[in-house]
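Survey of secondary and tertiary structure
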Amino acid sequence: MYNRRNFLRILGFSALSSALSRNIWASENKQARPNILFIMSDDHTSQAISAYGGILADICPTPNIDRIAKEGILFENCFVTNSICTPSRSAIFTGKYSHMNGVYKFTALDQSQPTLPKLMQKAGYYTALVGKYHLHSNPAGLNYWSILPGQGRYHDPEFIEMGDENPSGWVNDGKRTEYKGHSSGVIADKALDFLKNKRPKDKPFMFFCHFKAPHDTWEFARRYRNFLEDVEVPEPPNLFDDYEGRSDALKKQLQYIGSEWGDHTNFEDQTRHLKGKQKKKKQYQLYMKKYLRCVKGVDDNVGRILDYLDKSGLADNTIVIYTGDQGFFLGEHGLYDKRLMYEEALRMPFLVRWPGRIKPLSRSKGMILNVDFAPTILVASGARPHPDMQGHSFVPLLEGEIPSDWRKSMYYRYYYSHFKTEPHLGVRTYKHKLIYFNRIDQWELYDLEKDPIEMNNVYDDPDYNSIVKKLKKELKRLQTELGDDPKDIGNNPRLGALAPHDE
Ligand code: CA
């Protein structure tokens, strides 16, 4: 800008030059600085997005979310670094793993850290968030926000609006305002209100639209009560996994379908006349219908937002991202919920549309992580990632390239024993996955090419001795590179002091 202005000044067109350069740069800036619409749902997993295919695609298509992939790119290997809500959201905001951002469990995010909203705001973006937040501390770096306290309610949800936060820093204690309707509809209404009325029109925006659905307890909007009514939901091939040959972790956890923990999937009233396999089959049907009715509501509401982008002309210069905060089990290994490093909970859906930059109908096998989201969005916006961020920008992958030095393995760590799910850590490559359940000192190894549904633990198979050795070395290398101490079990988080208790 300086050079161009100087050049025109030299020519003697001082007044004209500044008008001209303003116009030229305004239009160039518009191209260079796209709006960002980041849509994230809670516990929406790739098996329940029809663009990913799978056994549910025919009975529960998600045409609106699929549209993002049709007009953009779908990532087949996007992984979460710690598969639960608050830690994943914190990793997304900070670009750092749990042991570096301090959020190992359901503790509060220390907002004095550099975060995606703060850096985008600093880069000149108007930043805003509506819906599920779940970082416990008062939001920072957002020009506008309206959030659910904690998990929030499905029906007639309460919101805490910007200005109503609690001075203690514990946002859930802020003043609450009730809205009539189902949370997915109310959040989409708020998103549309933001896009139409609340944002300044002379600035690019970074807008986080976070749905509560389809988190448990899967309370769908009334209008979906007949959806899938007469449909038999297909079962995954390992619904009746007997956990043979696996560590004790799978055998002792309580996140299996029918578990009485939390009373989410046992449906006792409707299944008490049944026993054994028949009971579990029925519980699976009841669980899936509730979950998928919530998914349908999210998809329809995503459609409303995409339609508005088209109608308003915003679509051309807006990057649209759709993701879930982690993966989720839909009956695989007989499970629901997340936490475990198996594929269904580890994989996040990730779809992006960026007109003019991403070729429609693209797919990438490149391995991307939730810690990469912030650096990628910053680079795509022309800003710089913070040097503390551990993730990497995958802008080249959006454009169909996987650089030769791009990561070939990823590090995972889960700290909590909620649902009696054992803490564990591990490494996944494109071909194998090694999991170490650190508290019970047991290992599992899967050959993902031969056994993509992870039924055969080959850790003790002599044919895999050299793979085990190699992966243990890789695990250590990643721990060193990322600064994780295997002895740090997350009991004394350096940060997150605002959290009053573990939930
Ligand atoms: Ca979640």
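Residues numbered from 1 in each chain as written. Predicted model: local features only at pLDDT ≥ 70, side-chain atom pairs only at ≥ 80, totals over all residues. Heavy atoms only, no water.

Details of the nonpolar core
Condition: Nonpolar cores are built from buried Ala, Val, Leu, Ile, Met, Phe, Trp, Tyr and Cys residues. Side-chain atoms within 4.5 Å join them into one set. Categorising residues by exposure relies on relative accessible area from a 1.4 Å probe, with only protein chains included: less than 20% of the type maximum marks a residue as buried, more than 50% marks it as exposed, and the intermediate range marks it as partly exposed. When checking whether two residues touch, look at their non-hydrogen atoms; a contact exists if any pair is within 4.5 Å.
Counting 87 residues, the largest nonpolar core has F38, F75, M206, F350, V352, F394 and L398 as its most contacted members. Look past the residues within four positions of V352 in its chain and what remains in contact with it is I68, G72, I73, F75, I319, V320, I321, I358 and L398.

Section: the sheet that holds strand 5 (residues 158-161)
Applied cut-off: Pairing between strands is defined by DSSP: at least two bridges between the two strands are required. Where helices and strands are cited, they refer to DSSP runs of H or I of at least four residues and of E of at least two residues respectively, numbered from the N terminus.
One open sheet holds the ten strands; their spatial order is 6-5-4-3-7-1-8-11-2-12, and the pairing between them is mixed. Unpaired on one side and paired on the other, strand 6 (177-178) and strand 12 (362-369) mark the two borders of the sheet. Note that strand 3 (residues 126-132) and strand 4 (residues 144-148) share five bridges and pair parallel. Considered in strand 4, the bridge of G131 is made with I147.

Comments concerning helix 14 (residues 465-482)
Every α-helix carries 3.6 residues per turn, so stepping three or four residues along brings you back to the same face. Our working definition: Here, expected helix span is obtained from the residue count minus one, scaled by 1.5 Å. Within this analysis, the arc is defined by the directions that extend from the helix axis to the C-beta atoms.
If you check helix 14, its first and last C-alpha atoms are 26 Å apart, about what 18 residues at 1.5 Å a residue would give, namely 26 Å. Looking at helix 14, one finds that the buried residues are V468, L471, E474, L475, L478, Q479 and L482. End-on, the buried residues of helix 14 take up no more than an arc of 140 degrees, which puts them together on one face. More than 90 degrees from the buried face of helix 14, the exposed residues found are S466, K469, K470, K473, K476 and T480. Positive backbone phi, at 75 degrees, marks G483, one or two positions downstream of helix 14.

What about the sheet that holds strand 16 (residues 442-447)?
Hydrogen bonds along the backbone pair up the strands of a sheet, which may run parallel or antiparallel. Defined as follows: Helix axes use the C-alpha atoms of the stretch in contact, all axes being lines fitted to C-alpha atoms, and the angles between their N-to-C directions lie in the range 0 to 180 degrees.
Read from one edge to the other, the open sheet built from four strands follows the order 13-14-15-16, with strand pairing classed as antiparallel. The open sheet terminates on both sides in strands that have one partner only, identified here as strand 13 (409-414) and strand 16. In this sheet, neighbouring strand axes are inclined to one another by 10 degrees on average, regardless of whether the strands run parallel or antiparallel. Of the strand pairs in this sheet, strand 13 and strand 14 (residues 424-429) are connected by six bridges, and their pairing is antiparallel. Across the sheet, residue R413 finds its bridge partner in strand 14, namely L425.

Here's the deal with empty space enclosed by the protein
How we decide: A 1.4 Å probe that fits into a set of points on a 1 Å grid over the protein atoms alone but cannot get out defines a cavity; an open set with protein on both sides within 12 Å along at least five of seven lines defines a pocket, and lining residues are those with an atom within 4 Å of a point. Grid points are joined across faces, edges and corners, and a volume is the space filled by probe spheres set on the points. Under the scheme applied here, ten amino acids are nonpolar (Ala, Val, Leu, Ile, Met, Phe, Trp, Tyr, Cys and Pro), four are charged (Asp, Glu, Lys and Arg), and all others, including Gly, are polar.
Tallying each qualifying case throughout the model produces one cavity of 30 Å³ or more. I36, I319, I321, F350, V352, F373, T376, I377, A380, F394 and L398 together form the lining of the largest cavity. Every element with two or more residues in the lining of the largest cavity is listed here: strand 8 (318-324), strand 11 (350-353) and helix 12 (373-380). Across the lining of the largest cavity, the residue classes tally to ten nonpolar, one polar and no charged.

Some words on the confidence of the model for the protein chain
What counts is decided by this rule: pLDDT expresses, on a scale from 0 to 100, how confident the predictor is about each individual residue.
When pLDDT is averaged across the protein chain, the result is 92; 91% of the residues are at 70 or more. This stretch, residues 1-30, has a pLDDT under 50; its non-local contacts, to residues over four places away or in other chains, come to ten contacts. Here residues 498-503 is modelled with pLDDT under 50, and outside its nearest four sequence neighbours on either side it reaches 17 contacts, counting other chains as well.

Considering the packing of helix 3 (residues 63-70) against helix 10 (residues 276-312)
Angle between the axes and distance between the axes are the two parameters that describe a pair of packed helices. What counts here: Angular relationships are summarised with four words: roughly parallel below 35 degrees, roughly antiparallel beyond 145, roughly perpendicular across 65 to 115, and oblique for the angles in between.
Packing of helix 3 against helix 10 leaves a shortest axis separation of 7 Å and a crossing angle of 50 degrees. Our classification of the angle between helix 3 and helix 10 gives oblique. Contact with helix 3, carried on its side by P63, N64, I65, R67 and I68, involves D299, D300, V302, G303, L306, D307 and D310 of helix 10 and no other residues of that element. Split by residue class, the contact of helix 3 with helix 10 holds five nonpolar, two polar and five charged.

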